[in-house]
Structure formats: structure tokens, C-alpha cells
Amino acid sequence: MPMLELNAYAKLNLTLDVLHKREDGYHDLRMVMQSVDLTDTITLETGEANGLTVCTNVNFLPNDERNLAAAAALRFREATGKGADGLAISIRKRIPVCAGMGGGSSDAAAVLRGLNTLTGVGLPPKRLAEVGGLVGSDVPYCVIGGTALAEGRGEILTPLPPLPDCRIVICKPKFFISTPELFSRINCARIRCRPDTAGVIAALEAGDLNGVARRLYNVFEDVLPARYAAEIAEIKDVLIHSGALGAAMSGTGPTVFGLFETESCAEAAYAALAGTYQDVFLTRPVSNEIMPV
Ligand code: C5P
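Residues numbered from 1 in each chain as written. Predicted model: local features only at pLDDT ≥ 70, side-chain atom pairs only at ≥ 80, totals over all residues. Heavy atoms only, no water.

On to the nonpolar core. Counting residues in each nonpolar core, the largest one holds 66 residues, and the members touching the most others are Val18, Ile89, Val111, Phe220 and Leu239. The biggest single contributor to this core is helix H1 (residues 68-80), with seven residues. Discounting residues that sit within four places of it in the chain, Val18 has contacts with His27, Asp28, Leu29, Phe183, Ile186, Cys188, Ile191, Arg194, Val219 and Phe220. In this structure, Leu149, Val200, Ala203 and Ala248 belong to the second largest nonpolar core, which totals 27 residues. (Core = buried A, V, L, I, M, F, W, Y, C linked by side-chain atoms within 4.5 Å. Buried < 20%, exposed > 50% of the residue type's maximum accessible area, 1.4 Å probe, protein only. Helix = DSSP H or I, 4+ residues; strand = E, 2+ residues; numbered from the N terminus. Contact = heavy atoms within 4.5 Å.)

See the structure below:
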């Protein structure tokens, strides 16, 4: 029975800007995205049986089309006529769920990459990313991975030079923020502070880690309910006091991360946060090798 195991990488937003609300209800965004080596493991197995099954090691995740991994297999079949029948998807989750790290989107992207190989269809990355866009706004980026500028709904992608090697400490507090709710708190005309996206891109081009870290910025941090904002600020303080070059919230949160030049500072931050928080990770950036474009 043909079988394939793939890594699904977590993503972080080095920057996140919301430009305006569109007629279709979505928002035009501008985000610098980065993959990190915190992964879910996706196993795809094709057999004789009909139907599509999903199983995970997390009992609260749906095992039908509401799971983005299953939705991805169905969209792949619609696009190519192949792949979903008799497919068993198994997901070993390590990326925290509903965290702003694109875990579900990354699982979906891994299913698309995997089916593209297993079926021998071999869609080009751009087309595969387009199919991903039918599953969710962050899926196109996750198909390609690495360091990239994502614009539009998230589907207009420009690969960027890789983030210089560093340590990234990630901490997810326990509270949950709904993505649509946080979008509804944004009034694009009233955003006073925006990320210096061009400055981040220039720093990436110069291989300047410090230049990137100083410019980490997410406009959603400015519209968080006060009780959440306080906890995000506390985590950022711990990261910065441990020696992070910069820190920010990822996506619609609540995950916070800091970029470190040295292992020792990153380990100090990890130790300081791991006493209080369950979901703390010491990671490194992953470059565009996920799916070369
Ligand atoms: O596309 P996805 O299902 O991931 O989006 C979840 C929600 O996030 C949307 O229903 C919408 O409220 C919001 N969103 C948005 N603009 C985007 C991406 C997401 O308003 N570009």
C-alpha cells in the first residue's frame, strides 16, 4: 500500500499588516511569513477501500471535512480527479491548535504536497498553492513555506531571502482568540502603527537578523482585549529580558515568539517561560527548501 510521511511546519508572522476590508468580507493583508522546525507529522496511505479517513492524536479535532487536512484531499481530487478515495490521513500533532501558527493550514498543505507526489500528478507549486487557497487563506503560503511575503487574502506569494539562522523561542498562553472576532476589531482607517514591511525585506536581503528582529510587528496586538494584551506584553517582556533581539505575537495569536542570536539566551528564555506555560518551544527557522519555487 503506497505510503508517505511528511513534515507540516508551523509558521510565524514576522510582520502582519491589515490593509483594508474587501467586498467579499475578507481583508487584504501584507505579511512576512516564516516556517519553523516545530512540526506535525502527516502520514498518507492509499488503499483499496473507498472513502477518506482522518485520525489524529488529539481527540478534539474533527475527523471529517471540517479538518483542513481532509478538506485539502477533497479539493485536490476536485482539481485533479485523483487522490481522496481510499486515502487514510494520520496526523500526529505537536503544533498547538488555534494558536496563530497555522497548524491546520500546514497539515492541509502537507496533504496537498503529499498527494501531488503519491498520485504522480505533479502540479507545479503555484497551482498547488491555488488549490490550497480553496481550503484556507494561510494554506497557499504553507504549500511553499520558508520565508515569504504573503499579500491579498494570503495567496499572493513572493519568496524572500531566508531569515538568518537564529533561535526562536515560542510561547503559547492558554487563552483562545477567535480569528473572525479579532478581524472584526480592526478598523483599517484607524490603524496608527503599521509594520515596516519594506524595512524587514531590506534586512532579509542584507542578512541582518537584528534589522528583522527590531521590526517584528503585528497590528492585531493593538486591538487585543486588555486582559489578553497584558499577558502578551508579559511574555514579550520575559523574552526581551532574556536577550531576544525582538518579539511579537504571531497571526491572530495568542502565540508569542522572540528571535535570539545565541543559544544560551534562547535557553534562558525557554527556562523562564517553561515554569509558567505548558506550550513553550525552542525552534529554528526553516528555509524555502520545503517546496522550492
Ligand atoms: O480563510 P480562513 O478560513 O483561514 O479565514 C478565517 C477567517 O479569518 C475568515 O472567515 C475571515 O473572518 C478572516 N480573514 C480575513 N481576511 C483574510 C484572511 C482571513 O478577514 N485575508
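Now, onward.
Turning our eyes to something else, we now look at the packing of H1 against helix H2 (residues 103-118). The N-to-C vectors of H1 and H2 enclose an angle of 35°; their axes lie 8 Å apart at closest approach. For the crossing formed where H1 meets H2, the hand is right-handed. For the pair H1 and H2, contact is made by Leu68, Ala69, Ala72, Ala73 and Phe76 and by Gly104, Ser105, Asp107, Ala108, Val111, Leu112, Leu115 and Asn116, respectively. For the contact of H1 with H2, a count of residues per class yields nine nonpolar, three polar and one charged. (Axes fitted to C-alpha atoms, helices over the stretch in contact; angles between N-to-C directions. Left-handed = near helix turned anticlockwise from the far one by under 90°. Nonpolar A, V, L, I, M, F, W, Y, C, P; charged D, E, K, R; others polar.)

This part is about the pairing of strand S7 (residues 167-172). Among the six residues that make up S7, six are buried, leaving the element largely enclosed by the rest of the structure. Judged by which residues are buried, S7 turns out to be covered on both faces: Arg167, Val169 and Cys171 on one side and Ile168, Ile170 and Lys172 on the other are all buried. Bridge analysis of S7 against strand S10 (residues 256-260) gives five bridges, and the strand direction is antiparallel. Paired with Ile170 across the strands is Phe257, a residue of S10. Bridging between S7 and strand S11 (residues 279-283) involves five bridges; their strand directions are antiparallel. (Pairing = 2+ DSSP bridges.)

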